[in-house]
Structure formats: structure tokens, C-alpha cells
Amino acid sequence: METQAGTGCVIRRIGTERGGAAIAQLLIVDDEVHVVERFTTTIDWKAAGIEQVHGVSSGEKALALLERTSIDIVITDIRMPGITGLELIADIQRRWPRTKCILLSGHSDFHYAKEAILYGTEDYLLKPVKESDLVSAVQRVLGKLAAEWEEVVSRQRLEHTLKEHLPSLRSGLLGELLQGRKLTASQLQDQLRLLGLDDFGGKPFAIMMIRLEEHFLHYDARSLSLMEYAIGNMVEELFGDRLDSWYTKETHDYLVFVMFARRRESADSPELSSWLERTGSMLQTAVSSYLKGKISILVSRWGTFPDHLTELYNQAVTAFRRSIGSEQELFMRLHDVPDEQEVTPLTSLYEPPTLIHMLEAARWDAISEKLDALFGEMERHGGESQERLMEAYFSLASAFAYIVHKSGRSMPELIGDEYDKMIRGIPQRSVNQLKEWAYRMLERIREETNRETKDSRTSVIRDIRAFVESHLSGDVSLQSIADHVHLHPVYVSKIYKLETGDNLSDYVNRIRMDKAEYLLKHGTDKIYEIAAMLGYQRPHSFNHAFKKQFGMTPQEYRDRYS
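Being a predicted model, the structure only gives us computed values, none of them experimental.

1. What to know about the overall build of the protein chain
(1) Moving on: Scanning the protein chain for helices and strands turns up 24 helices and 11 strands.
(2) Moving on: Relative to its full complement of 562 residues, the protein chain shows a buried share of 46%.
(3) Moving on: Of the contacts made within the protein chain by residues no fewer than 6 positions apart, 70% connect residues no fewer than 24 positions apart.
(4) Moving on: Roughly 28,500 Å² of accessible area belongs to the protein chain as shown, and the carbon and sulfur atoms make up 50% of that amount.

2. Regarding the environment of Asp91
(1) Moving on: Within the fold, Asp91 resides in helix H4 (residues 85–95).
(2) Moving on: When near neighbours in sequence (up to four residues on either side) are disregarded, Asp91 contacts Leu63 and Trp96.

3. Let's talk about helix H19 (residues 478–485)
(1) Moving on: For H19, the tally of buried residues reaches 6 of 8 residues, placing the bulk of the element in the interior.
(2) Moving on: Downstream of H19 by one or two residues, His486 has phi in the positive range, about 60°.

4. Brief notes about the confidence of the model for the protein chain
(1) Moving on: Chain-level statistics for the protein chain give a pLDDT mean of 83 and a share of 88% at 70 or above.
(2) Moving on: Low confidence marks residues 1–13, where pLDDT is under 50. Its contacts with residues over four positions away, or in another chain, come to 60 contacts.
(3) Moving on: Note that residues 15–22 has pLDDT below 50 and, in this model, 7 contacts with residues that lie over four places away or in other chains.

5. Quick notes on the packing of helix H14 (residues 364–380) against helix H15 (residues 386–406)
(1) Moving on: Two elements in contact, H14 and H15, have axes whose closest approach is 11 Å; the angle formed by their N-to-C orientations is 165°. Classified by the angle between their axes, H14 and H15 sit roughly antiparallel to one another. For the crossing formed where H14 meets H15, the hand is right-handed. Of H15, the residues touching H14 (which contributes Leu371, Leu374, Phe375 and Met378) are Arg388, Leu389, Ala392 and Leu396.
(2) Moving on: Considering only residue class, the contact of H14 with H15 consists of 7 nonpolar, no polar and 1 charged.

6. Considerations on the nonpolar core
(1) Moving on: Ranked by internal contacts, the top residues of the largest apolar core, which has 32 residues, are Ile464, Val492, Leu504 and Phe542.
(2) Moving on: Among the elements of the structure, helix H18 (431–470), H19, helix H20 (489–500), helix H21 (504–522), helix H22 (527–533) and helix H23 (539–550) are those that each provide at least two residues to this core.
(3) Moving on: When residues in this core are grouped by element, the largest group, 8 residues, is from H21.
(4) Moving on: Setting aside residues up to four positions removed in sequence, Ile464 forms contacts with Ile481, Val485, Val492, Tyr496 and Leu504.
(5) Moving on: Ranked by size, the runner-up nonpolar core spans 31 residues in total, among them Phe375, Met378, Ala401 and Leu442.

7. Concerning the pairing of strand E9 (residues 255–261)
(1) Moving on: Of all 7 residues in E9, 7 are buried, a share of seventy percent or more.
(2) Moving on: Where burial is concerned, the two faces of E9 agree: the one with Leu255, Phe257, Met259 and Ala261 and the one with Val256, Val258 and Phe260 are both buried.
(3) Moving on: By the bridge criterion, 6 bridges tie strand E7 (residues 204–212) to E9 in an arrangement that is antiparallel. Paired with Met209 across the two strands is Val256, which belongs to E9.

8. What to know about the sheet that holds E9
(1) Moving on: Sheet architecture is open: 5 strands sit in the order E8-E9-E7-E10-E11, paired in mixed fashion. Edge strands, defined here as strands with exactly one partner in the open sheet, are strand E8 (243–249) and strand E11 (331–333). Going from strand to strand, the sheet's axes swing by 20° on average, the running direction of each strand aside.
(2) Moving on: Inspection of the sheet shows strand E10 (residues 295–304) paired to E11 by 3 bridges, in the parallel sense.

9. As for the packing of helix H9 (residues 221–239) against helix H10 (residues 270–290)
(1) Moving on: Two elements in contact, H9 and H10, have axes separated by 10 Å at closest approach and are oriented at 140°. Taken together, the axes of H9 and H10 lie oblique to each other. In this structure, H9 meets H10 at a crossing whose hand is right-handed. Residues Ile231, Met234, Val235, Leu238 and Phe239 of H9 form the contact with H10, whose participating residues are Trp275, Leu276, Thr279, Gly280, Met282, Leu283, Ala286, Val287 and Tyr290.
(2) Moving on: Partitioning the contact of H9 with H10 into residue classes produces 12 nonpolar, 2 polar and no charged.

Cut-offs applied
- Residues numbered from 1 in each chain as written.
- Predicted model: local features only at pLDDT ≥ 70, side-chain atom pairs only at ≥ 80, totals over all residues.
- Heavy atoms only, no water.
- Helix = DSSP H or I, 4+ residues; strand = E, 2+ residues; numbered from the N terminus.
- Buried < 20%, exposed > 50% of the residue type's maximum accessible area, 1.4 Å probe, protein only.
- Contact = heavy atoms within 4.5 Å.
- Areas by Shrake-Rupley, 256 points an atom, 1.4 Å probe, with all protein chains shown as cover.
- pLDDT = per-residue confidence, 0-100.
- Axes fitted to C-alpha atoms, helices over the stretch in contact; angles between N-to-C directions.
- Parallel < 35°, antiparallel > 145°, perpendicular 65-115°, else oblique.
- Left-handed = near helix turned anticlockwise from the far one by under 90°.
- Nonpolar A, V, L, I, M, F, W, Y, C, P; charged D, E, K, R; others polar.
- Core = buried A, V, L, I, M, F, W, Y, C linked by side-chain atoms within 4.5 Å.
- Pairing = 2+ DSSP bridges.

This is how it looks when you write it as C-alpha cells:
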């Protein structure tokens with residue numbers, strides 16, 4: 001029989017929680033089932049720093065469980081049919097090198113101890129092992145695991161990792177800023193400092209946008225990535241004497257270079273503008289000669305970083321579409337005058353994360369903040385305009401319809417008469433009306449989502465309890481329960497704890513003990529028969545668990561209360 005208890009966690013969470021206890025998962029492997037039952041059910045593993053303990057009766061079952069679940073420590077018997085303990089440890093060290101192993105054996109021959117050491121075993125305990133010795137060994141290994149993970153997240157390791165991934169991290173941050181991600185001044189400065197870009201704040205900059213054209217369009221992804229890298233190096237080589245550059249590939253597949261003037265006064269220099277055009281032409285020639293492809297280049301007006309970044313980027317994208325279009329190998333410099341636009345998009349509506357993404361993640365507070373920002377923007381910039389009302393209304397309605405349909409519901413079913421208003425046209429003629437409608441819709445969606453979540457969890461809990469109560473004589477391990485409800489065991493454990501306040505293992509043990517009490521008081525079955533009814537392979541394991549619960553053996557309890 002396999003037994004599991006506790007709530008799940010993953011190896012990455014080795015550390016501390018309230019009270020300083022480590023969080024880890026333990027697997028006990030022994031072909032003597034009573035040993036597995038004893039160690040998984042009678043030791044207070046929570047107090048020892050183990051949140052979830054699994055038990056299996058063979059090396060084959062252990063490997064199957066390790067493939068599904070992240071295990072931190074394995075305690076295994078050395079001699080088992082099929083895969084031996086040493087073979088199991090060797091496989092674990094090869095496939096899951098961070099998992100620690102402790103070996104149990106009834107053989108005191110030094111040969112086994114020597115082999116265990118060679119296989120990287122953390123400890124070697126002789127049977128019969130005391131529970132206190134086993135717990136001490138586990139806690140020593142937990143200490144070693146914690147020390148290893150402290151090293152993993154040490155500053156030296158982080159700095160090394162950061163250096164390796166610096167280009168992609170820089171590119172990612174710039175891409176988010178171009179798309180309108182909002183960061184406070186201190187947050188942005190911290191990010192720039194981490195990426196070695198901290199001197200860019202407040203500096204003059206222009207955007208240089210490059211579109212890859214003829215020949216490049218036929219490259220595969222890897223070859224195109226190499227070409228983009230080469231162009232980045234060319235930009236740094238040609239422009240580097242006078243400008244610092246920071247670039248990314250944005251959502252329209254343009255290469256966007258943010259070019260920072262090294263001297264503040266140089267940004268207003270007509271000579272710099274002429275130099276930019278000459279150098280841009282040199283870049284086009286170099287790409288054509290050495291990379292055998294064509295590019296078009298557009299350079300924006302100057303602005304101050306980061307205040308004008310998103311504005312200049314949007315202007316550049318629009319200008320590329322309007323002024324360059326499908327023509328190839330052009331160079332264009334925008335005049336230092338912003339485009340005159342009678343109507344501009346509602347920035348708050350499209351800034352990442354989008355409303356759809358937040359609805360999918362059920363981030364209700366963030367959604368409210370986004371809507372507040374949207375309606376504030378509308379009120380500041382002519383919100384009563386029918387065009388703006390229509391833009392906001394249809395975007396919000398589209399997002400609400402998407403999340404309702406994704407949950408398998410229909411709009412009329414969820415919002416009732418509000419749907420009739422929607423299909424007749426725009427029912428809101430002011431920002432206040434739109435605001436009231438949006439929050440009313442959001443609240444209905446939120447209530448329905450919470451109700452569905454609660455109903456789903458309640459149904460799972462009901463199925464779990466029914467399974468346990470009808471299978472006490474068989475396998476009621478966490479894995480068997482999870483298989484029954486078609487969910488991952490870690491999720492099952494967490495949901496049960498969240499909904500009931502109890503650990504699933506405690507519930508299983510309580511049901512067993514309640515039934516044991518009843519059978520001992522009112523039945524005539526022998527002790528070993530009751531043990532079998534409750535899923536214990538050996539009466540000794542039942543006696544041990546019962547005595548731990550009631551302070552007396554099953555026979556003593558029957559003699560006293562029956």
C-alpha cells in the first residue's frame with residue numbers, strides 16, 4: 001500500500017515559513033509495507049520541516065512518482081525486489097541531481113556503506129531505525145538543501161546569471177516601455193541600474209526605427225536573429241562615437257534603437273541632425289554590402305527619456321505606415337514638430353497588461369485601477385466625445401464578452417437586460433454612464449467567477465470524501481485520490497486545505513480512527529480484521545497508529561469501552 005500525507009510544495013520553495021520550519025517533500029521507499037506505513041503515519045513530519053510525505057513499496061513506483069512530483073529527500077531500503085536501493089539512488093542522482101537520498105538497511109556490512117557513499121548518499125541508517133534518528137537525519141539533509149539553495153540565489157550567482165542574460169533583459173524592458181508599461185520613477189531607476197543603464201534617465205534621445213526588407217524576409221528565425229544581431233553591432237560601431245544605443249525588436253517586427261545624446265546640448269544641434277542622416281545612409285550601405293539585404297530607417301524628433309518614449313515610438317510607427325509604406329531602402333527624419341491629430345487613442349485602454357489578460361487572471365483590484373485610469377483619461381481629454389465613448393465602450397464590451405464566452409456562458413444568461421441594451425447600440429452617452437455600466441458588468445462577472453470557483457472546489461471536496469470513505473480498505477493515498485478526481489496531487493492537497501482548513505492526510509487518519517473506534521466498541525471483528533478493513537497491511541501498523549491517537553492499544557480500548 002502507498003500512503004501520502006500533507007500538502008504539496010516544490011523543490012524551489014525550500015526555505016522557511018512562519019515559525020522557521022522548512023518546506024519540503026519526502027519519499028519513503030521500502031518493500032516492507034509496515035515500515036512505510038509506520039514512518040508515513042506516525043511521525044510528526046510537519047514539526048520536522050516536511051510538508052508532504054509520500055510512501056511507496058518499490059523502486060519502480062518510486063521512479064514513477066518522481067516523474068510526476070518534485071521530491072526533495074528520498075529514504076530508501078537497500079535490498080528490494082526489482083530495482084534495489086542503490087540502483088534507485090543512482091537513477092535519482094542521474095535524473096534529479098538536487099534530490100537527496102538516505103539509505104536504510106538491515107545489513108551492517110561496510111561494503112554497503114561504502115557503495116552508498118560512492119552513490120552520493122547523504123546518510124546510512126541501520127534497521128531497526130529509531131524514529132528520532134530518522135527525523136534527525138532528515139533535518140540534517142534539510143539543512144544542507146537550504147544551504148545549497150542559499151548559494152543558488154547568492155549575489156555572485158545572480159550577478160553571473162544577470163550578465164549572461166543582460167541583452168535579452170534589456171530588450172525585454174525596452175519593449176515593455178515602448179508598449180506603455182507604467183513604472184514609478186524609482187522602479188524604473190532600479191531596473192535601469194540593475195541592467196547597467198542607470199545614466200539614461202533624463203537624457204535627450206531620439207528613436208531610430210529600422211525595417212528589414214528585401215532578402216531578410218526569406219530567412220528562417222535563427223538566421224534572421226543573427227542578422228538582427230549583426231545590425232545591432234553595426235549601429236553601435238557607426239553611431240557609437242556620438243550616441244549611446246539601446247534596442248529591441250518590437251511587436252511590428254521593427255528594430256527600435258533608442259539613441260541617447262552623450263552631451264545634453266548636442267540634441268539641438270543642426271550638425272547632429274545632418275550627421276545622423278549621413279550615418280544612417282552609411283548603415284544602409286553596410287547592410288546591403290555585407291548582409292546582402294535592404295533596410296529602411298526612420299529617425300524621430302528628440303525627446304527626454306523616459307517621458308517622451310511611448311509618444312515618440314507611436315509617432316514613429318504611424319509615420320512608417322503613412323510616409324514610407326511599401327517603399328524600400330528609404331531614410332526619413334521626422335520634423336521636430338509633433339503630428340497634429342484631432343483624435344488620439346485612449347492610452348490607458350491599451351497599456352499592458354490588457355483588460356482581457358487581467359480578466360483571465362481574475363486580478364479584480366488591478367482591473368478596477370485600469371478602469372479608473374481609463375475614465376480619468378477620458379474626463380481630462382474630452383471624454384464626452386462620441387468617438388471616445390464608442391472606442392472605450394466597444395473595447396470593454398469585447399473584453400467582457402470574451403471572458404464570459406470563455407467560461408462557457410452566454411451574455412444574456414449572465415447580464416440579463418444589460419444585453420438587450422448592448423445589441424440596440426451604445427447605451428451610454430456620458431463618461432459617468434459608461435463608468436457605471438462597466439463596473440456593474442465587472443461585478444457580475446466577478447460574482448459569477450467566484451461562484452463557479454467555489455462550486456467547483458466544493459464538488460471536488462465532496463468527491464474526495466466519498467472516495468476516501470468508500471475505499472478505506474484499499475489505496476487512499478494522495479495520488480490515488482488525485483487520479484480519482486483527475487487533478488494533480490499537489491493541487492488536490494492545497495485545495496482541500498484551503499476549503500476545509502485540514503490536511504487531507506489528517507482527514508484520512510481521522511476517518512480511519514473514527515471507524516476503528518466504532519468497530520472496536522460495537523463490533524466483534526478481530527483486531528487484525530479491523531486493521532485490514534481500514535487499509536493497514538499489517539496489524540502492527542494499525543496498533544502503532546491507534547496507540548498514538550488514543551494512548552492505548554486497540555485491544556485495551558475494546559476492553560475498556562465495549
